[in-house]
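Here are the chains, one letter per residue:
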Amino acid sequence: MEPLHYEIRLEPDFKSFTFRGTTVIKIRSEKSVDQIVLNANDLDLQICKVKKGDKCIECKFYCNPKTEEITIYLCEKMSDIIELTIDYVGKINDLMKGFYRSKYEQNGEVKYIAVTQFEEREARRAFPCFDHPVKKATFDIEFIVDEDLMGIANTPIIEEKKLEGGKKLIRFERTPRMSTYLLFFGVGDFEFIEDSSIRPTIRIVTTPGKTRYGNFGLQMARKSLKYGEEYTGIEFPIAKCDYIAVPDFAFGAMENWGAITFRENALLVYPGVTSKTVMARIASVIAHETAHLWFGDLVSPADWKYLWLNESFASYFTYAITDHYYPEWGMWEIFVSDLMLSGLKRDSLVETMAVELPGDREASINAASAPIIYDKGASLLRMLVGYLGEEKFKNGIQNFLNKYKFSCATSQEYWEAFQETTSEPVNEFAECWVYQAGYPIIEVKRNGNKLLLTQQTFTYITNNSNKSWLIPVNILLFLKNGETKTVSTLFRDKTTSIQIPVDTIAFKINTEQTGFYRVKYEEEMWEELGELVKEKKLSPLDSFGLENDFYTLVRRGDYTLTDYLNFLEKYFGQEDRFLPLIDISQNLMHAYLVVESQREQIRKLGRGLFENALEKIGFEPKDDDELQVSSMRDTLLWAAFSFGSQGVAQFGAEKFQELLDGKKVHADILSSILKIGAVTNEKAPDHFREKVMSADTPEIEKLLILNALGCFREKEKVLEALEFNLEHVPKKNRNQIINMACQNPAVMDYMWQWFLDNLDKLEQLHPAHFERVIISLIPVCGLYRETEVKKFFEEYMKKRETGQDTIKMALELMEVNSKLKNA
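Let me sum up the structure you'll find in this document. Because the structure is predicted, anything quoted here is derived from the model rather than measured.

## A word on helix 11 (residues 561–571)
Owing to its 3.6 residues per turn, the α-helix aligns residues three or four sequence positions apart on the same side.
Here comes step 1: Regarding helix 11, the residues found buried are L561, Y564, L565, F567, L568 and Y571. An end-on view of helix 11 places all buried positions within 160 degrees of arc, on one side of the element.
Here comes step 2: Elements in contact with the buried residues of helix 11: helix 9 (523–534), helix 10 (540–556), helix 12 (578–594) and helix 13 (599–617).

Below, the structure is given as structure tokens:
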């Protein structure tokens with residue numbers, strides 16, 4: 001049984017926050033059936049009819065709220081084309097899912113727009129349907145709205161007609177064949193800017209008064225669409241594509257086909273407030289969602305277990321597209337720092353999962369699965385590109401998309417389409433990297449002119465795994481005469497050996513960090529490579545890889561924290577490059593939170609490293625700063641301050657006072673200055689609350705302030721900020737302060753009790769945001785009370801099914817941190 005076509009008419013009421021709906025579904029059934037089961041959730045069905053000849057016969061129906069299904073009993077057995085008409089009433093809820101309301105202020109008046117968020121299983125809140133990605137159909141959509149409101153859907157408007165009673169009808173062009181989760185309905189007072197110079201027309205859509213912040217987004221959207229069409233060889237099939245800024249939005253963005261939604265801070269650029277780092281993030285989010293127009297929208301997953309076909313590809317092209325237009329940003333280094341490292345950390349747990357979720361498990365995007373589906377998946381594609389070459393990879397993608405466009409596909413169908421074009425053993429690659437959980441560490445030993453490589457599963461906690469991987473290994477050799485040479489091999493077995501020149505003085509395995517694995521060297525080689533870092537003969541990527549692997553092995557227990565600190569002091573003392581320094585700052589901050597007994601040693605080393613780097617780049621931003629310098633400065637100012645830098649403390653305090661005096665602080669250091677001000681200025685709490693409550697404060701500035709509110713050093717101030725958060729901060733942002741407070745060494749000891757005292761309120765957060773609180777809280781705030789925390793959540797998971805993967809992940813991270821603390 002498959003749906004062929006839907007006709008959906010919605011009439012929203014902003015006074016009662018309800019809507020009336022009529023949905024007509026044409027269904028094809030090869031077998032003769034006397035009942036049809038559809039998905040529906042929180043809908044009040046009024047009447048259901050089935051077409052029989054020229055008449056519509058009323059049908060009985062049964063709603064099952066638990067399974068979110070309605071069973072419609074037909075008047076007789078039917079087959080071939082069956083047409084149902086269902087009238088119903090639904091809620092315009094405040095849950096940020098389904099058909100929901102989003103609040104904004106205009107001239108002091110509270111107003112609303114109604115928008116949708118349907119991924120993964122929420123279209124059923126707006127209309128009865130077959131709510132599964134494989135059940136593709138075409139859609140005719142129409143709204144009846146107040147005559148002063150506007151309507152947006154996936155396709156262009158083809159008719160607007162005035163009705164009685166101050167209403168109007170808006171009718172949209174028929175959609176391509178598509179999945180329910182990609183539909184979009186929007187009603188409200190919208191404002192537009194557009195680029196209609198070529199097909200498709202691109203529009204930036206905002207609430208009134210904000211389109212002036214959309215010009216960068218409009219340009220990046222056009223660039224991303226152009227790249228997508230040229231790379232895939234497939235034109236975007238809809239005549240327009242909207243990029244819509246939504247005030248209340250649970251995620252970063254959503255790839256509704258032809259009507260992409262964003263958080264305002266992920267689309268709009270505010271001069272003087274949006275930093276270079278945030279602007280690059282905006283470009284990346286636009287690129288990511290635009291890539292989905294092909295990966296996920298044109299070809300959708302045949303089941304949610306194949307979600308990686310959407311997200312891994314969109315995540316990879318996030319960086320490919322942005323790097324294509326802004327090569328000076330160094331996006332592939334940022335990829336390694338943000339995505340690859342996130343995937344490695346998540347996959348280092350025994351409690352992990354494969355990129356393609358196993359069996360018939362119901363997949364969903366959450367704090368536990370996202371680093372695998374998005375970050376590891378994209379990293380594997382980058383590794384595959386390195387192995388196959390760009391041209392073969394591109395040809396494989398084009399064959400896959402053309403073969404399954406306007407349809408759905410499985411992982412196996414992807415790899416088969418890929419292998420048809422490339423004639424490479426990609427199925428073997430997929431078997432170990434996509435279908436198998438975890439990743440390897442390569443231990444290397446030198447014996448004369450041979451390198452002996454051994455692979456095993458890497459986890460922070462001891463495992464008994466006997467897995468192996470097909471690993472494309474690239475090795476950078478440093479020769480006595482000063483030259484370098486790269487050798488490559490496919491590492492299939494548990495052990496292998498590689499011949500190298502006798503005059504090799506050092507070697508870096510996984511050069512440029514293209515492979516998704518760790519490396520452990522013998523002591524002599526750590527030192528040889530350390531000297532190359534010191535002499536700046538290792539690239540930023542390779543220097544990062546060396547340092548990060550070392551700290552990861554500290555977390556596993558191979559080396560002590562003192563070993564790592566000595567390694568940094570000896571070889572990274574003069575480091576001034578973005579990638580190694582950003583990672584060092586994160587690792588030292590993590591160690592500082594976890595290992596109280598060595599805090600003074602960490603503070604001293606970190607302060608020296610970061611003050612040295614800041615002296616080279618300067619405290620004050622420059623207009624011609626490269627993105628990486630700008631991002632590094634802001635990160636290091638806060639890190640140096642946290643580790644006791646007097647010079648940074650004075651600079652930050654002076655800058656924050658300038659803010660209080662009504663002066664501007666450069667956007668590129670605003671985040672660090674706000675956090676330093678939280679610690680150094682007594683007026684900060686009142687200033688922050690006033691700015692957060694003001695409708696005139698841009699969303700991105702509010703987010704920076706919310707982060708700063710979690711940085712107070714006094715327990716009372718943090719508790720007041722947390723209370724203010726739960727009472728006055730919009731639900732979409734409530735996890736911000738909590739996450740920062742959990743990472744605040746001055747108050748982290750209080751956070752567990754605060755969590756218990758406020759659990760009822762926290763459970764009312766969007767599920768994704770509650771999970772972010774869990775993953776911030778348990779690993780560090782659970783230390784010194786591990787048994788209590790573990791017991792609490794063991795009981796908690798017996799009562800609550802949702803979020804269990806995230807809780808298990810957080811508990812294992814607590815165990816890893818506890819091991820490091822006690823080492």
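## Considerations on empty space enclosed by the protein
Here comes step 1: Applying the stated criterion to the full structure yields 4 cavities of 30 Å³ or more.
Here comes step 2: Taken as a whole, the largest cavity encloses approximately 50 Å³ of empty space.
Here comes step 3: Taken together, Y227, G228, Y231, T232, A291, W294, F295, F317 and I321 make up the lining of the largest cavity.
Here comes step 4: The residue inventory of the lining of the largest cavity, partitioned by class, reads 7 nonpolar, 2 polar and no charged.
Here comes step 5: The space that makes up the second largest cavity amounts to roughly 40 Å³.
Here comes step 6: Lining of the second largest cavity is provided by W294, F295, G296, V299, S300, P301, L309, N310, F400, L401 and A409.
Here comes step 7: Broken down by secondary-structure element, the contributors of at least two residues to the lining of the second largest cavity are strand 19 (299–301), helix 3 (308–325) and helix 6 (390–404).
Here comes step 8: Here the lining of the second largest cavity takes 3 residues from strand 19, the largest share from any one element.

## What about the sheet that holds strand 26 (residues 504–509)?
Working definition: the strands of a sheet are paired by backbone hydrogen bonds and lie parallel or antiparallel to each other.
Here comes step 1: On the basis of which strands lie adjacent, the open sheet formed by 3 strands has the order 24-23-26 and antiparallel pairing. One side of each edge strand has no neighbouring strand; the edge strands of this open sheet are strand 24 (484–491) and strand 26. Averaged over neighbouring strand pairs, the angle between their axes works out to 25 degrees when direction is ignored.
Here comes step 2: Both strand 23 (residues 471–479) and strand 24 contribute to a ladder of 8 bridges, which runs antiparallel. When the bridges of strand 24 are listed, P472 appears paired with L490.

## Structural notes on the nonpolar core
Looking at soluble globular proteins, one finds that nonpolar side chains tend to be buried together.
Here comes step 1: Counting 297 residues, the largest nonpolar core has F127, F185, Y243, F317 and F393 as the members making the most contacts within it.
Here comes step 2: Of all the elements, helix 5 (residues 370–388) adds the most residues to this core, at 11 residues.
Here comes step 3: Setting aside its immediate chain neighbours within four residues, F127 contacts Y6, I8, T23, N39, L43, Y88, F118, F139, T180, L183 and F185.

## Some words on the packing of aromatic side chains
Here comes step 1: Under the defined criterion, the tally for this structure stands at 69 aromatic pairs.
Here comes step 2: With a centroid separation of 4.1 Å and 35 degrees between ring planes, the pair formed by Y213 and Y270 is classed as tilted. Of this pair, Y213 sits in the loop between strand 15 (201–206) and helix 1 (215–232) while Y270 sits in the loop between strand 18 (259–263) and helix 2 (276–292), and the two are 57 residues apart along the sequence. As far as burial versus exposure is concerned, Y213 and Y270 are alike and both buried.
Here comes step 3: Positioned above the aromatic ring of F17, the side-chain terminus of R101 is 4.2 Å from the ring centre.
Here comes step 4: Here the basic side chain of K715 rests over the ring of Y750, its NZ or CZ set 4.5 Å away from the ring centre.

## Side note on the layout of surface pockets
Here comes step 1: One number sums up the size of the second largest pocket: a volume of about 1100 Å³.
Here comes step 2: Lining of the second largest pocket is provided by 39 residues; of these, K103, Y104, E105, P247 and K702 occupy positions nearest its centre.
Here comes step 3: At the level of elements, strand 7 (98–106), strand 8 (109–117), helix 17 (684–693) and helix 18 (699–709) are the ones that each hand at least two residues to the lining of the second largest pocket.
Here comes step 4: A per-element tally of the lining of the second largest pocket places strand 7 first, with 6 residues.

What counts as what
Residues numbered from 1 in each chain as written. Predicted model: local features only at pLDDT ≥ 70, side-chain atom pairs only at ≥ 80, totals over all residues. Heavy atoms only, no water. Buried < 20%, exposed > 50% of the residue type's maximum accessible area, 1.4 Å probe, protein only. Helix = DSSP H or I, 4+ residues; strand = E, 2+ residues; numbered from the N terminus. Arc of directions from axis to C-beta. Contact = heavy atoms within 4.5 Å. 1 Å grid on protein atoms, 1.4 Å probe; cavity = no way out; pocket = protein on both sides within 12 Å on 5 of 7 lines; lining within 4 Å. Points joined across faces, edges and corners; volume = space filled by probe spheres on them. Nonpolar A, V, L, I, M, F, W, Y, C, P; charged D, E, K, R; others polar. Pairing = 2+ DSSP bridges. Axes fitted to C-alpha atoms, helices over the stretch in contact; angles between N-to-C directions. Core = buried A, V, L, I, M, F, W, Y, C linked by side-chain atoms within 4.5 Å. Phe/Tyr/Trp six-rings, centres within 6.5 Å; stacked < 30°, edge-to-face > 60°. Lys NZ or Arg CZ within 6 Å of the ring centre and 35° of its normal.

By themselves, these observations are geometric and do not establish any function.
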